[in-house]
Amino acid sequence: MTSSERVQIVSVYATAAKRGVRVAGFARRRGFASSPSGSHIHVSAELVDGRLAEVDANWHPPVRHRTLIAPYQTLLRDVAMAEVKRVDVSYRNARD
């Protein structure tokens, strides 16, 4: 998990899914500043053969909630759970 000054990645869970690996968790927006347009949670997985699988996660930070925490989730398609060596989750200010 890699947090930033704007967003704290609170948790990461990776589970086997029908068509890949489901990565989900919670992220907390720090303070009340709005996130820049195009900001997102980015998920990358290092596979045992050295390849890298990357995808952006659905995440919509709450606007008026006291804890400022919201769930995110995504699917690493066509990746088996046994192939995953490491999963990294980070917040990015702009789209790749």
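Quantities reported herein were computed from a predicted structural model and do not represent experimental measurements.

Structurally, Ile69 can be placed in strand β5 (residues 69–77). Residue contacts for Ile69: discarding those within four places in its chain leaves Val10, Phe26, Ala27, Arg28 and Pro62.

So, on to the nonpolar core. By size, the foremost hydrophobic cluster in this structure holds 19 residues, and its most contacted members are Ile41, Trp59 and Tyr72. Residue assignment for this core shows that the elements contributing at least two residues are β1 (7–17), β2 (20–29), β3 (40–47), β4 (52–59), β5 and β6 (84–92). When residues in this core are grouped by element, the largest group, 4 residues, is from β3. Filtering out sequence-adjacent residues up to four positions away, Trp59 remains in contact with Val7, Ala27, Ile41, Ala70, Pro71, Tyr72 and Tyr91.

With respect to the element layout, Thr74 can be found in strand β5. At a separation of 3.1 Å, a polar atom in the side chain of Thr74 contacts the main-chain carbonyl oxygen of Asp56. If near-sequence neighbours (up to four positions away) are discounted, Thr74 is found in contact with Val21, Arg22, Val23, Val43, Val55, Asp56 and Ala57.

Conventions used here
Residues numbered from 1 in each chain as written. Predicted model: local features only at pLDDT ≥ 70, side-chain atom pairs only at ≥ 80, totals over all residues. Heavy atoms only, no water. Helix = DSSP H or I, 4+ residues; strand = E, 2+ residues; numbered from the N terminus. Contact = heavy atoms within 4.5 Å. Core = buried A, V, L, I, M, F, W, Y, C linked by side-chain atoms within 4.5 Å. Buried < 20%, exposed > 50% of the residue type's maximum accessible area, 1.4 Å probe, protein only. Polar contact = N/O pair within 3.5 Å; in protein donor to acceptor, adjacent residues only side chain to side chain.

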